[in-house]
Amino acid sequence: MGEERMQLPHRLTLTDRRQLTVSGVTEVVSFDENTVALRTSLGLLTVHGQGLQLKNLSLEGGQVAVEGTIAAFVY
């Protein structure tokens, strides 16, 4: 019998290009003030911008908030 992985629901909410809330995060791969890389239940998500900071980090619940000037996000 194979193992089934429970997939966390994945959602992005961007407010005024200043705050990005992401659910379904399984790992913070890397972060600095210009780039945040997050592993999500639907793949690697890279956020680009300026003055980026991680806020409200809760990997147990799969929630991460990124604040700063958000220029782009790419899977």
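Residues numbered from 1 in each chain as written. Predicted model: local features only at pLDDT ≥ 70, side-chain atom pairs only at ≥ 80, totals over all residues. Heavy atoms only, no water.

**A look at the overall build of the protein**
Logical step 1: Per the secondary structure count, the protein includes zero helices and six strands.
Logical step 2: For the protein, the N- to C-terminal ordering of α and β elements is β-β-β-β-β-β.
Logical step 3: For the protein, the C-alpha radius of gyration of 12 Å lies close to 11 Å, the compact-globule estimate for 75 residues.
Logical step 4: Oriented by its inertia axes, the alpha-carbon framework of the protein measures out at about 45 × 15 × 15 Å.
Logical step 5: Counting across all 75 residues of the protein, residues that qualify as buried make up 28%. (Helix = DSSP H or I, 4+ residues; strand = E, 2+ residues; numbered from the N terminus. Rg over C-alpha atoms; globule rule 2.2 N^0.38 Å. Buried < 20%, exposed > 50% of the residue type's maximum accessible area, 1.4 Å probe, protein only.)

**What to know about the nonpolar core**
Logical step 1: Listed in full, the 12 residues of the largest apolar core are Leu20, Val22, Val25, Val28, Val36, Leu38, Leu45, Val47, Leu52, Val64, Val66 and Ile70.
Logical step 2: When residues of this core are traced back to their parent elements, those giving at least two are strand E2 (19–23), strand E3 (25–31), strand E4 (35–40), strand E5 (43–58) and strand E6 (63–74).
Logical step 3: Leaving out residues up to four positions away in the same chain, Val22 has contacts with His10, Arg11, Leu12, Leu38, Thr40, Leu45, Gly62, Gln63 and Val64. (Core = buried A, V, L, I, M, F, W, Y, C linked by side-chain atoms within 4.5 Å. Contact = heavy atoms within 4.5 Å.)

**Structural notes on the sheet that holds E6**
Logical step 1: Read across the open sheet, the six strands follow the order E1-E2-E6-E5-E4-E3; overall the sheet is antiparallel. Both edges of this open sheet fall to strand E1 (11–15) and E3, since each of them pairs with a single strand only. Between one strand axis and the next, the sheet turns by 45° as a mean value, whatever way the strands run.
Logical step 2: Here E4 runs beside E5; their pairing, made up of six bridges, is antiparallel. Within E5, the residue paired with Leu38 across the bridge is Leu45. (Pairing = 2+ DSSP bridges. Axes fitted to C-alpha atoms, helices over the stretch in contact; angles between N-to-C directions.)

**What about the confidence of the model for the protein?**
Logical step 1: Here the protein averages 90 in pLDDT, while 92% of its residues score no lower than 70.
Logical step 2: Between residues 1–5, whose pLDDT stays under 50, and residues either more than four places distant or in other chains, the model counts zero contacts. (pLDDT = per-residue confidence, 0-100.)

**Some words on the environment of Val66**
Logical step 1: Positionally, Val66 belongs in strand E6.
Logical step 2: Residue Val66 is classed as buried on the basis of its relative accessible area, which comes to 0%.
Logical step 3: Sequence separation between Val66 and Val22 is 44 residues; the distance between their C-alpha atoms is 8.2 Å.
Logical step 4: Discounting residues that sit within four places of it in the chain, Val66 has contacts with Arg18, Gln19, Leu20, Val36, Leu52, Gln53 and Leu54.

**A word on the pairing of E3**
Logical step 1: Sheet analysis places E3 next to E4, joined by five bridges and oriented antiparallel. Counterpart to Glu27 in the pairing with E4 is Arg39.
Logical step 2: Hairpin connection from E3 to E4: three residues lie between these consecutive antiparallel strands.

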